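# Reading the structure
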Amino acid sequence: MFSLHLSPEQLEIRDTVRDFVGREIKPVALASARLEAFERPLLTVQLEAASRLGLRTLGLSEDAGGAGADALTCAIVTEELAAGDPDIAAVLGHTAGLARSLERATTPAQRERFLAPFARDDAFHLALADAEAARDGADWLLQGACAAVANAPLAKLFMVRTRAGTLLVPRGTAGVAVREQPGDWYHGSCGELAFSNCRVPAANLAGEVTKAATLLPALSLGIGRAAYEAALEYARLRVQGGKPIIEHQAIAAKLAGIALRLETARAAVWRAAWASDHPEAVADRSLPELPLESIAEAYAPEAMLAAAKDAAECFGAMGVMRDMPLHKYIRDARICLHSGEGSGAAKLNLAVAITG
Amino acid sequence: MDFELSDEQREWQMKARKFAQEEIRPISLQRDAIEDPAKTWDWDIIRKGSKLGFRTMAVPKEWGGEGTGFVTQALVMAELAKADSAISKSFSQCWKWSHLIAQSCTEDQKRRFLKPFLDDDTFVLGKGISEYDAGSDNRLPPDDPRAGLKLRAERRGDEWILNGSKAYIANGNIGKLFFIDARTNPGVPLRQGITMFLVPRDTPGFRSGKVFNKSGWRFYQNGEMIFENARVPHANVVGEVNGATKKSGGGGGDTTGGDLFGDLELAANALGICDDACESALAHARATTPDGKALFEQQLVQLKLNRMHALTEALRSFVLRVAWEHDRRIHSPNPGLAMNFSTDVVQEVTELYMDLRSGAGGEMDAHADKLVRDSFIWSHLAGDTVQRLKVARRLGR
């Protein structure tokens, strides 16, 4: 059965988040002074407000204190948040996705120790890293550095993938050093983790933890949509050539081109997210045996950058002014494209999958 | 056909290359990284460049300038832009309007304005057309008299009284002399009702407003200009009253001014950015060895380098052909087409360069970031739909 219906719960979450972003995030995130400044520190007050709304624990089961949201719902929420502020969207998207995976990878005792405090604390975030682990008696010893770890500076629990499995390492454990990533070419929060003789008890060994599959393309989708909505609104208001510019064929076609990219990108993101919720759809031949998240990742960030540039062009000179949001949408879209796992890597993934 | 440059052209090119690489390049990223948009300008580099002739090189020899031709100017712009696009534009902006002085000003005006311009290393020029509510309407004006710029000029005796404001004006806060387009007859379509005035900085009733904070071309200053009963002598009218577009556009109806020069200017500047991107990309691909092998060995990297160079060389051919046609006063839609084309080229080339520089998660090379931001300026100056439609109309004439 082919159906693109969202459930009443999904529709409600989307409306709730959209409303929250419009009221609480956009007025702060898009204020001229913040747009103009070279440094834009994370909006922690709004991040916590979004946590209180339940967006941090979205993917946990209801038993564990979450909303039991599936991957598609998480992707929808990421788009909505990113339309207001990609940094908040990235932090929450990483944490919510990792929490969802963690719940499935842990024993009841581990859930009690790690997930229960996570669910209670609005400022509790998660990060996923890689390191070498060696057995030392009943414990594991972690070694090695891991660069560009999303959420590292904020996380209260590090999930460290090793050959043995995923080790759960609370922040503050001896032998873990965190360094914030210099520069600002990332969304959310990013840093380097270094492990040096970091001792972790065997009781902290969990199963495989993975990050949200469609986070990056869903993030870019929100950025592209924000640019589109800004251009659409402006094109109706701005009069040149004797009429609102939206009535000129050239601008209307440009807006249509943006809409085309947005809808195509969203279709790719939703399909990948839905597929991760329904692995049986590959087995029954409803979906192709391809890395659908790589398809979304290869298409969306590139298309959204083109969309943001076209949207900015509708604003004329204002499209390059730092007190307006358009330059930020372009930059944010570029970050998605070039943040290390951008479309180049995704295309290669797809190439590998095809060629076997 | 002859693709060879003359000795004089080659000499200017080499002089520009030396100045660009030794003086401009070292300050390029530094000026770009200054957060306050009003503080990015550097008089020192302008003074140094001016002493070498880069501020005044378009002024005819009989008036004491260098009298260079368009091919030379294109070569110099590209060389300067290869080190910093915005600084190149800061010099060529002066050529743009010295072309206009030479072409359209009376002997008296030339004496009053060209002389001080030549004598003062910090004398830079600007032209005020755009206003908040009039951008595209000045480029492609509809017949409705309400469309287009609104700054009003009314005659009172031997003076004109100017009221209104301009926005996004290049050198608006630092220039010493401006060409200001103002409405002298608001009841007729734009092109029949505007007059161009020479407005020196110390004109009573004129002041600078804010400096715009741009994402790219940060060195190059765009400002607000405010006129409150500003008094300009009638002797400062350029050409005829209600004849501004005739003068600035050489009859072509081009209200963006600069006549032959403006389109070539943006295309030649873009070429310099592309040269920088190509050279930097190649150097990076050779020097970077992820997994022990040069980046250059990857097929996808080679394909990107191929594309970057193909586009850049195509643009070079187009730019030099347009400059050559200008030197022979051959009129065609080519300058406009080259300008439009340069938008597509400079953006694709710099984005490919950025692509090559990315890879390490969470970091981006500051140089690639700057080139991409600078190139986006072309979207509204050279490659927006109105600039393309304008050239298309010319093709259809």
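Everything numeric here is computed off the predicted structure, so don't read it as measured data. (Residues numbered from 1 in each chain as written. Chains lettered and ligands numbered in written order. Predicted model: local features only at pLDDT ≥ 70, side-chain atom pairs only at ≥ 80, totals over all residues.)

### A closer look at the pairing of strand E1 (residues 125–128) of chain B
Residue and element names in this part refer to chain B. Of the two faces of E1, both are covered, the one formed by Leu-125 and Lys-127 as well as the one formed by Gly-126 and Gly-128. As paired strands, E1 and strand E4 (residues 177–183) are joined by four bridges and run parallel to one another. Bridging across to E4, Leu-125 finds its partner in Leu-177. (Buried ≥ 20, exposed ≤ 12 C-beta atoms within 10 Å, placed from the backbone. Helix = DSSP H or I, 4+ residues; strand = E, 2+ residues; numbered from the N terminus. Pairing = 2+ DSSP bridges.)

### Regarding the pairing of strand E2 (residues 132–136) of chain A
All names here are of chain A. Of the pairings in the sheet, the one linking E2 to strand E3 (residues 139–150) comprises five bridges and is antiparallel in character. Within E3, the residue paired with Asp-136 across the bridge is Asp-139. Counting the residues in the hairpin turn of E2 and E3 gives two residues, including Gly-137, whose phi is positive at 65°.

### Description of the interface of chain A and chain B
Listed per partner, the contact involves 31 residues of chain A and 31 residues of chain B. Those elements that provide at least two residues to the side of chain A that touches chain B are E3, helix H8 (249–277), helix H10 (292–313) and helix H11 (326–337) of chain A. Ranked by the residues each element gives to the side of chain A that touches chain B, the list is headed by H10(A), at three residues. Looking at the side of chain A that touches chain B residue by residue, the classes come out as 13 nonpolar, 13 polar and five charged. (Contact = placed C-beta atoms within 7 Å. Nonpolar A, V, L, I, M, F, W, Y, C, P; charged D, E, K, R; others polar.)

### Remarks on the environment of Val17(A)
Residue and element names in this part refer to chain A. Relative to the helices and strands, Val-17 resides in helix H1 (residues 8–29). Residue class for Val-17 comes out buried when judged on the 25 C-beta atoms lying within 10 Å of it. Separated by 63 residues in sequence, Val-17 and Glu-80 have C-alpha atoms that sit 6.4 Å apart. Discounting chain neighbours no more than four positions away, the residues touching Val-17 are Leu-55, Val-77, Glu-80 and Leu-81.

### Focus on the sheet that holds E2(A)
Residue and element names in this part refer to chain A. Pairing in this open sheet of four strands is antiparallel, and the strands run E2-E3-E7-E6 from one edge to the other. Of all strands in the sheet, those with a lone pairing partner are E2 and strand E6 (176–180), marking the two edges. Averaged over all pairs of adjacent strands, the angle between their axes in this sheet comes to 5°, without regard to strand direction. (Axes fitted to C-alpha atoms, helices over the stretch in contact; angles between N-to-C directions.)

### Describing the environment of Ala296(A)
All names here are of chain A. If you trace the backbone, Ala-296 turns up in helix H10. Exposure remark for Ala-296: the 29 C-beta atoms within 10 Å place this residue in the buried category. Setting aside anything within four residues of it in sequence, one finds Ala-296 in contact with Thr-214, Pro-217, Ala-268, Val-269 and Ala-272.

### Brief notes about the nonpolar core
Counting 230 residues, the largest nonpolar core has Ala311(A) and Ala267(B) as the members making the most contacts within it. If near-sequence neighbours (up to four positions away) are discounted, Ala311(A) is found in contact with Ala227(A), Tyr228(A), Ala230(A), Ala231(A), Ile258(A), Leu326(A) and Tyr329(A). (Core = buried A, V, L, I, M, F, W, Y, C linked by C-beta atoms within 7 Å.)

### Regarding the domain arrangement of chain B
Residues and elements named next belong to chain B. Here chain B is described as being made up of domain 1 (7–119), domain 2 (125–248) and domain 3 (261–396). For domain 1 versus domain 2, the separation of C-alpha centres amounts to 23 Å. Of the residues lining the interface, 23 residues belong to domain 1; the matching set on domain 2 comes to 23 residues. The element that contributes the greatest number of residues to the side of domain 1 that touches domain 2 is helix H4 (residues 85–104), accounting for eleven residues. Of the residues assigned to the side of domain 1 that touches domain 2, the class counts are eleven nonpolar, seven polar and five charged. (Domains from an automatic or database assignment.)

### A short note on the confidence of the model for chain B
All names here are of chain B. Averaged over every residue, the pLDDT of chain B is 92; residues scoring 70 or more account for 95%. Across residues 247–258, where pLDDT falls below 50, the model places 32 contacts with residues more than four positions away in sequence or in other chains. Both confidence scores are given for the complex: pTM 0.95, ipTM 0.95. (pLDDT = per-residue confidence, 0-100.)

### A few points about the packing of helix H4 (residues 71–84) of chain A against helix H5 (residues 86–105) of chain A
Residues and elements named next belong to chain A. At their nearest, the axes of H4 and H5 sit 7 Å apart, and the two run at 160° to each other. It follows from the interaxial angle that H4 and H5 lie roughly antiparallel. For the element pair H4 and H5, the recorded crossing hand is right-handed. Two secondary-structure elements touch here, H4 through Cys-74, Thr-78, Leu-81 and Ala-82 and H5 through Pro-86, Ile-88, Ala-89, Leu-92, Gly-93, Ala-96 and Gly-97. (Parallel < 35°, antiparallel > 145°, perpendicular 65-115°, else oblique. Left-handed = near helix turned anticlockwise from the far one by under 90°.)

### Digging into the sheet that holds strand E5 (residues 165–170) of chain A
Either a parallel or an antiparallel arrangement is found when strands of a sheet pair, and the pairing is made through backbone hydrogen bonds. All names here are of chain A. Ordered in space as E1-E4-E5-E8, the four strands form an open sheet in which the pairing is mixed. What marks the edges here is a single partner per strand, and that holds for strand E1 (126–130) and strand E8 (205–206). One ladder, built from six bridges, connects strand E4 (residues 157–162) with E5; its direction is antiparallel. Across the sheet, Val-160 pairs through a bridge with Leu-167, a residue of E5. Strands E1, E4, E5 and E8 of the sheet are contacted by H5, whose axis makes an angle of about 70° with E1.

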